[in-house]
Amino acid sequence: MYSSIPTVLEGLVVGDPVRHAGLAVFPLMAESEPRGSGYLTLEDALQKEVLVITEAEEAGRVNELTVANRGAEPVLLVDGEELLGAKQNRVFNISMLIPGHATVEVPVSCVERGRWSYKSARFAASRRAQHATGRARRHEAVTQTLRERGSAIGNQQEVWRDLDAKAERLQARSDTGAMAEMFERHSESVERFVEPLKVGPSQVGAVFAVSGSLVGLELFDSSPTCARILPKVVRGYALDALDFGRESEAPPVEDARRFIHGVAAGDWVPFPGVGAGVSLRLETPGLTGSALLEAERVLHLAAFALP
């Protein structure tokens, strides 16, 4: 057990849920104001033009990209963040801290199966993360390949099957099978889930419930990071709420606390990180998840309930 995970999780304050349609979001606050992050987020680094993300080679490799950090500050890349452009859109398979002045090949999954031609030389960041049910399935697959082959490459066919089924249910198919089409087709509805959420000065994460059932947890090491990335995560949960959700009461706050305790008490297995830090995988019946630790600091943690 990595003691920093239960220490951080058990020290969180769970706020009253914010509800919209079938989604309830419990804000998570740190008992004391976290220190500054000491790194850039994906958007920060792209805006500063110190991060360049390209295909791993001219011909492209579906499950790997090249990330070049040309600045001095490390850059945090979060599991599920979507990248747009190059030969096809991708999402990060794991959370990573890319050191300053480093070039790293990173594991990704394709979320646009029908395109294999350049739209741009470099990738741009989107305003969303992969929907939570897809992230949960991908987490399971990545944990399995890490155990079997020491690689964070997941099950690409499973990702595509999940996207196809979701696009069919949401009536949002595209010529290239892009996940982006679902978010764009339902953008007004998705944004209605994001609007009520205001990340507070000590908020570092959230617990999510869809149709009254607790389904996930997202945690960051600082409020500024949470404010930058949590809206992306909410958009992913909003797509699931549009797909599966129905109007319901939010679970009691005590249930959210029990969910956090279950994640904290889970079996966290270490693997070498990509870039800096250690990548942990949650292997506990009924749960899947991951965490990125750097110097015993939990930079990012995501956990999901399994059906």
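Since we're looking at a predicted model, the values are computed, not measured.

(A) Expanded view of the pattern of salt bridges. The tally for this structure, following the rule as stated, stands at 27 salt bridges. When the shortest N-O distance is used, the salt bridge between Glu 188 and Arg 192 registers 3.9 Å. You can see Glu 188 and its partner Arg 192 sitting in helix H6 (residues 187-194), four residues apart, about one turn around the helix. For Arg 192, a relative accessible area of 41% corresponds to the partly exposed category. Each of the salt bridges in this network shares a partner with another, and the network as a whole consists of Glu 57, Arg 61, Glu 64 and Glu 105.

(B) Representation of the packing of helix H3 (residues 132-149) against helix H7 (residues 223-244). Relative to each other, H3 and H7 sit at 105°, their axes nearing to 7 Å. The orientation of H3 with respect to H7, classified from their angle, is roughly perpendicular. Counted together, Ala 132, Thr 133 and Arg 135 of H3 and Val 233, Gly 236, Tyr 237, Asp 240 and Phe 244 of H7 form the full contact between these two elements. The class makeup of the residues in the contact of H3 with H7 is four nonpolar, two polar and two charged.

(C) Broad picture of H3. An ideal rise of 1.5 Å per residue puts 26 Å on 18 residues; H3 measures up with 25 Å between its terminal C-alpha atoms. In the stretch just after H3, Gly 150 is the one whose phi turns positive, near 70°.

(D) How the structure looks around the pairing of strand S18 (residues 297-305). Burial analysis of S18 places eight of its nine residues in the buried class, which makes it a mostly covered element. As paired strands, strand S17 (residues 287-294) and S18 are joined by eight bridges and run antiparallel to one another. Its bridge partner being in S18, Glu 294 is matched across the sheet by Arg 297. Here S17 folds back onto S18 in antiparallel fashion, the turn holding two residues, of which Ala 295 has a positive phi close to 55°.

(E) Highlighting unusual backbone geometry. Here the phi dihedral of Glu 49 falls at roughly 60°; this positive angle occurs in a residue that is not glycine. Checked against the element boundaries, Glu 49 lands in the loop between helix H2 (42-47) and strand S5 (51-55). Despite not being glycine, Glu 296 has its phi angle at roughly 65°, a positive value. Turning to its location among the elements, Glu 296 is positioned in the loop between S17 and S18.

(F) Representation of H7 in the model. Here H7 spans 30 Å end to end across 22 residues, near enough to the 32 Å set by a 1.5 Å rise per residue. Residue Ile 229 marks the point of greatest curvature in H7, where the axis turns by about 40°; the proline Pro 231 follows within four residues. When you tally the buried positions in H7, you get 16 out of 22 residues, the bulk of the element.

(G) Structural context of the nonpolar core. One finds Leu 23, Met 182, Phe 208 and Leu 230 to be the most contacted residues of the largest nonpolar core, which totals 40 residues. Of all the secondary structure elements, the ones that give two or more residues to this core are strand S3 (23-29), H3, helix H4 (156-169), helix H5 (179-185), H6, strand S13 (203-210), H7 and S18. Ranked by the residues each element gives to this core, the list is headed by H7, at nine residues. Not counting residues within four places of it along the chain, the set of residues in contact with Leu 230 comprises Val 199, Gln 203, Gly 205, Ala 206, Phe 208, Glu 218 and Phe 220. Counting 29 residues, the second largest nonpolar core, distinct from the first, contains Leu 12, Val 204, Val 207 and Phe 259.

(H) Spotlight on the sheet that holds strand S10 (residues 96-98). Taken together, three strands build an open sheet; the order of strands is S4-S7-S10 and the sheet is mixed. Each having just a single partner strand, strand S4 (40-41) and S10 make up the two edges of the open sheet. Pairing of strand S7 (residues 75-77) with S10 involves three bridges; the strand directions are antiparallel. Opposite Leu 76, over in S10, you have Leu 97 as the bridge partner.

(I) Focus on the environment of Leu 97. Relative to the elements of secondary structure, Leu 97 occurs in strand S10. In the structure, Leu 97 is positioned 129 residues away from Cys 226 in sequence and 16 Å away in space, judged by C-alpha atoms. Apart from residues lying up to four places away in sequence, Leu 97 is in contact with Tyr 39, Pro 74, Val 75, Leu 76, Val 274, Gly 275, Ala 276, Leu 292, Glu 294 and Leu 299.

What counts, and where the lines are drawn
Residues numbered from 1 in each chain as written. Predicted model: local features only at pLDDT ≥ 70, side-chain atom pairs only at ≥ 80, totals over all residues. Heavy atoms only, no water. Salt bridge = Lys/Arg side-chain N within 4 Å of Asp/Glu carboxyl O. Helix = DSSP H or I, 4+ residues; strand = E, 2+ residues; numbered from the N terminus. Buried < 20%, exposed > 50% of the residue type's maximum accessible area, 1.4 Å probe, protein only. Axes fitted to C-alpha atoms, helices over the stretch in contact; angles between N-to-C directions. Parallel < 35°, antiparallel > 145°, perpendicular 65-115°, else oblique. Contact = heavy atoms within 4.5 Å. Nonpolar A, V, L, I, M, F, W, Y, C, P; charged D, E, K, R; others polar. Expected span 1.5 Å × (residues − 1). Pairing = 2+ DSSP bridges. Bend = angle between axes of the 7 residues up to and from the residue. Core = buried A, V, L, I, M, F, W, Y, C linked by side-chain atoms within 4.5 Å.

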